[in-house]
Amino acid sequence: AQSVSQHNHHVILSEAASLELGCNYSYGGTVNLFWYVQYPGQHLQLLLKYFSGDPLVKGIKGFEAEFIKSKFSFNLRKPSVQWSDTAEYFCAVMIYNQGGKLIFGQGTELSVKP
Amino acid sequence: SAVISQKPSRDICQRGTSLTIQCQVDSQVTMMFWYRQQPGQSLTLIATANQGSEATYESGFVIDKFPISRPNLTFSTLTVSNMSPEDSSIYLCSVSTGLSTGTEAFFGQGTRLTVV
């Protein structure tokens, strides 16, 4: 069965530190890739998405992600985090021709210390 | 894009009762989905709501527990039946805009259910 794996369950950083959250998926065909963020007590929001083309995609709030097809990875990065980035981050994969359903990773909780 | 309205936004229910959650989309969409997010967990797909036919359930979810209706291309309901405290979760409705690459998913605000 297809699956999505996020490497870190909980990451703690100080403000201005750089962030990289790992995401790997297990499927050899065409996929759409997403990162979602969930701030405490709030609903899910889309950070960025990859459909095709340039494997480096930029999203909101200074986030970016790189799709490396050979590694089945879609890692999320931010050069300098802020306290307001404290949230849960979810990687998700949509498999082409499976109707648009998403497979989510386990989530990574990011805590940024001021 | 699609704007999704979910009702209720939250509820506290007695064990043994049932709750029906409504999902209304502002445009006709092909695919609608229901997800569950248990406390401290990720999102898990419950089922795909098919217009005019029975929903397609994922492993571990059954129609008797989570009956779903989809009478048209803009509306769906999910019922959580015979609830127990383990059903306390956020339930989310989602739609996708197509079937090909470039398909994006949109989410409702979710229904936060607490079973006591």
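Residues numbered from 1 in each chain as written. Chains lettered and ligands numbered in written order. Predicted model: local features only at pLDDT ≥ 70, side-chain atom pairs only at ≥ 80, totals over all residues. Heavy atoms only, no water.

All right, on to the sheet that holds strand β7 (residues 68–72) of chain B then. Residue and element names in this part refer to chain B. One open sheet holds the four strands; their spatial order is β1-β3-β8-β7, and the pairing between them is antiparallel. Lying at the two open borders of the sheet, with one neighbouring strand each, are β1 (4–7) and β7. Pairs of neighbouring strands in the sheet enclose a mean axial angle of 15°, with direction left out of account. Two strands pair when backbone bridges link them, and β7 and strand β8 (residues 75–80) are joined in this way by three bridges, in the antiparallel orientation. (Pairing = 2+ DSSP bridges. Helix = DSSP H or I, 4+ residues; strand = E, 2+ residues; numbered from the N terminus. Axes fitted to C-alpha atoms, helices over the stretch in contact; angles between N-to-C directions.)

With that settled, the discussion passes to the interface of chain B and chain A. Buried accessible area, meaning the area lost when the parts come together, often serves as the stated size of an interface. If you look at the interface, chain B gives 20 residues, while chain A gives 21 residues. Between chain B and chain A the total buried area reaches about 1,700 Å² when both faces are included, carbon and sulfur atoms providing 57% of it. The interface formed by chain B and chain A includes two salt bridges. The closest approach of N and O atoms between B:Glu58 and A:Lys101, which form a salt bridge, is 3.4 Å. One can count six residue pairs in polar contact (both at pLDDT 80 or more) joining chain B with chain A. Elements that contribute at least two residues to the side of chain B that touches chain A include exactly β4 (31–37), β5 (43–49) and β10 (105–107) of chain B. If one sorts the elements of the side of chain B that touches chain A by residue count, β4(B) sits on top with four residues. Its residues assigned to classes, the side of chain B that touches chain A comprises eight nonpolar, 10 polar and two charged. (Contact = heavy atoms within 4.5 Å. Buried area = accessible area lost by both parts, 1.4 Å probe. Salt bridge = Lys/Arg side-chain N within 4 Å of Asp/Glu carboxyl O. Polar contact = N/O pair within 3.5 Å; in protein donor to acceptor, adjacent residues only side chain to side chain. Nonpolar A, V, L, I, M, F, W, Y, C, P; charged D, E, K, R; others polar.)

Per-residue confidence for chain B averages 92 on the pLDDT scale, and 96% of its residues sit at or above 70. Looking at the elements of chain B, mean pLDDT is at its lowest for β10(B), recorded as 88, and at its highest for strand β2 (residues 10–13) of chain B, recorded as 98. (pLDDT = per-residue confidence, 0-100.)

Moving on: the state of the cysteines. Counted by the stated rule, this structure contains two disulfides over all chains. Between the sulfur of A:Cys23 and that of A:Cys91 lies a disulfide, 1.9 Å long from S to S. Linking A:Cys23 and A:Cys91, the disulfide has an S-S dihedral of approximately -65° and is accordingly described as left-handed. Linking A:Cys23 in strand β4 (residues 23–25) with A:Cys91 in strand β10 (residues 87–95), this pair joins segments that are 68 residues apart in sequence. Sulfur-sulfur distance for the disulfide between B:Cys23 and B:Cys93 comes to 1.9 Å. For the disulfide bridge between B:Cys23 and B:Cys93, the dihedral angle about the S-S bond is near -65°, and by the sign convention the bridge is left-handed. Here B:Cys23, found in strand β3 (residues 19–25), pairs with B:Cys93, found in strand β9 (residues 89–96); they are 70 residues apart in sequence, far enough to count as distant. For the pair B:Cys23 and B:Cys93, one class covers both residues: buried. (Disulfide = S-S within 2.5 Å. Buried < 20%, exposed > 50% of the residue type's maximum accessible area, 1.4 Å probe, protein only.)

All right, on to the packing of aromatic side chains then. Centre distance and the angle of the planes are the two values used to describe a pair of aromatic rings. Considering all chains together, one arrives at 14 aromatic pairs over all chains under this definition. Each ring, one from A:Phe34 and one from A:Phe51, has its centre 6.0 Å from the other, and the planes form 75°; the classification is edge-to-face. Taken as a pair, A:Phe34 in strand β5 (residues 31–38) and A:Phe51 in the loop between β6 (45–50) and β7 (56–58) lie far apart in primary sequence, 17 residues in all. A relative accessible area of 0% means that A:Phe34 is categorised as buried. Centre to centre, the rings of B:Phe61 and B:Phe66 are 5.7 Å apart; their planes meet at 65°, and the pair counts as edge-to-face. The pair formed by B:Phe61 and B:Phe66 is uniform in burial state, with each residue classed as buried. Ring-pair connections join several aromatic residues into one group, and the members of that group are A:Phe34, A:Tyr36, A:Phe51, A:Phe90, A:Phe104, B:Phe33, B:Tyr35 and B:Phe107. (Phe/Tyr/Trp six-rings, centres within 6.5 Å; stacked < 30°, edge-to-face > 60°.)

Our next topic: the nonpolar core. Counting 30 residues, the largest nonpolar core has A:Leu33, A:Trp35, A:Leu47, A:Leu48, A:Phe74, A:Leu76 and A:Tyr89 as its most contacted members. The biggest single contributor to this core is β10(A), with five residues. In contact with A:Tyr89, not counting residues within four places along its chain, are A:Gln6, A:Leu21, A:Trp35, A:Tyr36, A:Val37, A:Leu47, A:Phe63, A:Leu76, A:Gly107, A:Thr108 and A:Leu110. The next biggest cluster of nonpolar side chains, apart from the first, holds 27 residues, and it includes B:Ile21, B:Val25, B:Ala47 and B:Cys93. (Core = buried A, V, L, I, M, F, W, Y, C linked by side-chain atoms within 4.5 Å.)

What follows is about the side chain of B:Glu104. Note that B:Glu104 resides in the loop between β9 and β10. Within polar-contact distance, the side chain of B:Glu104 engages the side chain of A:Lys49 at 2.5 Å. What B:Glu104 contacts, discounting residues up to four positions off in sequence, is A:Phe34, A:Leu46, A:Lys49, A:Phe51, A:Met94, B:Val95, B:Ser96 and B:Thr97.

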